[in-house]
Amino acid sequence: MKIELTKDKLVIKFSLREMFIALKRKLEIPISTITDIKPYKEAGIGYPIRLVGTSLGHIKYGIFATPQGSAFIATRNINNATVLFLQDFGYKLAILDLDEKTVQELENRISSKK
């Protein structure tokens with residue numbers, strides 16, 4: 001998975017293997033739709049139920065149902081993933097493996113728009 005943060009979007013491009021198990025080539029999330037960011041363990045979203053994609057233990061890729069609504073998940077270990085809370089987007093949540101630098105940059109951009 002390759003993560004790119006542009007001026008107004010978070011772009012996730014999946015490797016060939018990830019495309020196969022996530023059933024998606026790329027995910028683009030406008031920064032303006034992100035309302036909050038939390039570590040999965042602190043987000044309190046409950047256990048996701050697979051709708052489309054792959055779920056093998058902690059490895060999850062695809063579209064899942066949560067109590068908050070639909071979520072796109074792309075993670076090798078859901079317990080270490082980051083949750084993006086979204087509004088006015090196709091999913092209510094995006095649960096992703098993001099590095100600390102990307103999380104910090106997203107948090108800075110979100111706090112500056114509040």
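Up top is the structure these notes are about.
Owing to the predicted nature of the structure, the values given are computational and were not obtained by experimental measurement. (Residues numbered from 1 in each chain as written. Predicted model: local features only at pLDDT ≥ 70, side-chain atom pairs only at ≥ 80, totals over all residues. Heavy atoms only, no water.)

Now for the overall build of the chain. Secondary structure summary: the chain contains three helices and nine strands in total. Secondary structure of the chain in N-to-C order comes out as β-β-α-β-β-α-β-β-β-β-β-α. Its C-alpha atoms give the chain a radius of gyration of 13 Å, near enough to 13 Å, the size a compact globule of 114 residues would have. In terms of overall dimensions, the chain has a C-alpha envelope of 35 × 30 × 25 Å along the principal axes. For the chain, buried positions account for 39% of its 114 residues. (Helix = DSSP H or I, 4+ residues; strand = E, 2+ residues; numbered from the N terminus. Rg over C-alpha atoms; globule rule 2.2 N^0.38 Å. Buried < 20%, exposed > 50% of the residue type's maximum accessible area, 1.4 Å probe, protein only.)

Our next topic: the pairing of strand β2 (residues 9–13). Direction of pairing for strand β1 (residues 2–5) relative to β2: antiparallel, over a ladder of four bridges. Within β2, the position partnered with L5 by the bridge is L10. As consecutive antiparallel partners, β1 and β2 are separated by three residues. Here β2 runs beside strand β3 (residues 26–30); their pairing, made up of five bridges, is antiparallel. What sits directly across from K9, in β3, is P30. (Pairing = 2+ DSSP bridges.)

This next bit is on a nonpolar patch on the surface. Together, L23, L51 and V52 make up a nonpolar patch on the protein surface, roughly 280 Å² of accessible area in all. Take V52: it is sitting in strand β5 (residues 49–56). (Patch = residues over 30% accessible without salt bridge, like charges linked within 9 Å, V, L, I, M, F, W, Y side chains within 5 Å. Areas by Shrake-Rupley, 256 points an atom, 1.4 Å probe, with all protein chains shown as cover. Salt bridge = Lys/Arg side-chain N within 4 Å of Asp/Glu carboxyl O.)

Bringing the sheet that holds strand β9 (residues 93–96) into the picture now. If you trace the six strands from one edge of the open sheet to the other, you get β4-β8-β9-β7-β6-β5, paired in mixed fashion. Only two strands of the sheet have a single neighbouring strand rather than two, namely β4 (34–39) and β5. Sheet twist, expressed as the mean angle between neighbouring strand axes with direction ignored, is 15°. Taken strand by strand, helix α3 (residues 100–113) contacts β4 and β8 (82–86), and its axis lies near 140° from that of β4. (Axes fitted to C-alpha atoms, helices over the stretch in contact; angles between N-to-C directions. Contact = heavy atoms within 4.5 Å.)

Looking now at the sheet that holds β3. The antiparallel open sheet is built from three strands, whose spatial order is β1-β2-β3. In this open sheet, the two edge strands, each paired with only one partner strand, are β1 and β3. Within this sheet the neighbouring strands show an average axis-to-axis angle of 15°, counted without direction. Each of β1 and β2 is contacted by α3, which is oriented at about 30° to β1, the strand it contacts most.

In a regular helix each residue adds 1.5 Å, so 14 residues correspond to 20 Å; α3 covers 20 Å between its end C-alpha atoms and thus fits that length. Taken as a whole, α3 has its buried residues at T102, V103, L106 and I110. The arc that holds the buried residues of α3, viewed along the axis, is 100°, so those residues lie on one side. The exposed set on the far side of α3, more than 90 degrees from its buried face, consists of E100, K101 and S112. Buried-residue contacts for α3 involve β1, β2, β4 and β8. Its side-chain oxygen 3.1 Å from the backbone nitrogen of K101, D99 forms the N-cap of α3. (Expected span 1.5 Å × (residues − 1). Arc of directions from axis to C-beta. Polar contact = N/O pair within 3.5 Å; in protein donor to acceptor, adjacent residues only side chain to side chain.)

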